[in-house]
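Inside the fold
This is what each chain is made of:
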Amino acid sequence: MRKLFVMAAMVATAAAMAAALPATLAAQETHATANIPRAADGHPDLTGVWQGGSNRIGTWEDTNSGDGPLGESGPITPYAVKGPQPKPPYQAWAAAKVVEEYNKRGIDEPMVKCLPPGVPRMTLMGLFPMQIVQTPKTIVMLFEAFHVFRIIPIGPDVKHPDDLDPSYMGDSIGHWEGDTLVVDVTGFNDKTWLSGVGTIHSEKLHVVEKFTRVDENTIVYEDTVEDPEVLTGPWTRHGTIMLRPGTRIREYECAENNVDEQRYQDLKKDPSLYERKPPDAPK
Amino acid sequence: MRWKPFATCAAGVIAVLAASAPLWAHHSFGVVYDEKKPVTLTGVISKIEWTNPHSFLFIDVKDADGKVTTWSFEGYPPTVLYRTGWKRDVTMKAGDNVTVFGWQARAGGPHAHARQVTFANGTKKYFGPAPGTGDGGAAPQIAPPPAN
């Protein structure tokens, strides 16, 4: 009788612990039965207003009111990616340039001039919302920051135009692979950063992004970056893009009071003010 | 039931899940401002610029001798503030007495980056991001070379 009681207590404790753990373990069960909003043509519908680079479920205010450095708050999606993502595998000469810029704390940041951040940097820029409008043959992504938009023709036979000029955001085309939207981006200029400070690339940059809406709140996201000029091989990261009910894109006109360009020029007259000093300055 | 070690374990899992490179880096912070120079100042708001790419809060700070210096505090763009509950000209306006915590400019002077504003009634709101989210972070974004 006592053994039974102990066993029952253990089962109850295990159940209580399982219930209290983050819901990652339950994800396998919920995935199969998740309610994925679908368009009339049967594909998952990505239409909505979203926050990239987040793994929290809820409204913008509920999920961005934390006290930590990124301000994250609220419940975490069962599809959250675990652990830090890999960094870009730079060739030695390019790595040296990244370090050089890192030691200057990113004073050459292209966004200081209100220029578009490029892809995939824009997709994961969680400070500002993005709106996706999905139609069967065209998906449009509208980003609050910098008035950037991406127009993505969709179809199994869609090809990049043959008259591309190098551009900040590149040229995007897409097709469906099952429930995953695969977006192929090429035609970049070399004036943006891939991700963090100094993460240079060349015009040979090629990006493939995958968007899979897995439930009401979550798009599972994957990007693969290739650039034979600067990287030793492909660079792949995973993340989530979260629905933000009630959020609308507002106007963000970066040029209206941009004091940074002049401030950075003034600072460059005395680099000792901002440059990293050893031991904080890697070689 | 011993909850304490379990809660620590859950917090550790959440920390791992949430860990990611700062993806919405604030470029100004590390270049212009120094996280080793925290400042906390109290004064009367003379002006607020609800502008892009940064809002600016100006407060008149009186020193022990009664001399007034106008400090500028840089903050988030207005769209970011509105989404976390700030209301233009309601939450904070010229004439209000506030305490602002932030970090001073590397070049010195009465210029700082705001983090948190405390209002006269004691409530607090974040007006700007934490440091270290825009100057490159703890290490350069380079994968370690493969071990051979």
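First, a word on scope: everything that follows refers to the structure included in this document.

The subject of this paragraph is the overall build of chain B. The secondary structure content of chain B amounts to three helices and six strands. When its helices and strands are written in sequence order, chain B yields α-α-β-β-β-α-β-β-β. Buried residues in chain B amount to 36% of all 148 residues. Residue pairs in contact within chain B that sit at least 24 positions apart in sequence constitute 57% of those at least 6 positions apart.

One key point about sheets: their strands pair by backbone hydrogen bonds, in either a parallel or an antiparallel sense. All names here are of chain A. A sheet is described by the order of its strands in space; here nine strands give the open sequence E4-E3-E2-E1-E9-E8-E7-E6-E5, paired in antiparallel fashion. Edge positions in the open sheet fall to strand E4 (149-153) and strand E5 (171-177), since each of these has one partner strand only. Put simply, the sheet's adjacent strands are angled 25° from each other on average, direction ignored. As paired strands, E5 and strand E6 (residues 180-186) are joined by seven bridges and run antiparallel to one another. Across the sheet, Glu177 pairs through a bridge with Thr180, a residue of E6.

Take helix H4 (residues 92-103) of chain A next. Residues and elements named next belong to chain A. The end-to-end C-alpha separation of H4 is 17 Å, in line with the 16 Å expected for twelve residues at 1.5 Å each. The set of residues buried in H4 consists of Ala94, Ala95, Val98, Val99, Glu101, Tyr102 and Asn103. Of the residues one or two after H4, Arg105 is the one with positive phi, at around 60°.

Residue and element names in this part refer to chain A. Counting 78 residues, the largest nonpolar core has Val98 and Phe143 as its most contacted members. Counting residues per element, this core draws most heavily on H4, which supplies five residues. Among all residues touching Phe143, those that are not within four sequence positions of it are Met122, Phe128, Met130, Val148 and Phe149.

So, how was this worked out
Residues numbered from 1 in each chain as written. Chains lettered and ligands numbered in written order. Predicted model: local features only at pLDDT ≥ 70, side-chain atom pairs only at ≥ 80, totals over all residues. Helix = DSSP H or I, 4+ residues; strand = E, 2+ residues; numbered from the N terminus. Buried ≥ 20, exposed ≤ 12 C-beta atoms within 10 Å, placed from the backbone. Contact = placed C-beta atoms within 7 Å. Pairing = 2+ DSSP bridges. Axes fitted to C-alpha atoms, helices over the stretch in contact; angles between N-to-C directions. Expected span 1.5 Å × (residues − 1). Core = buried A, V, L, I, M, F, W, Y, C linked by C-beta atoms within 7 Å.

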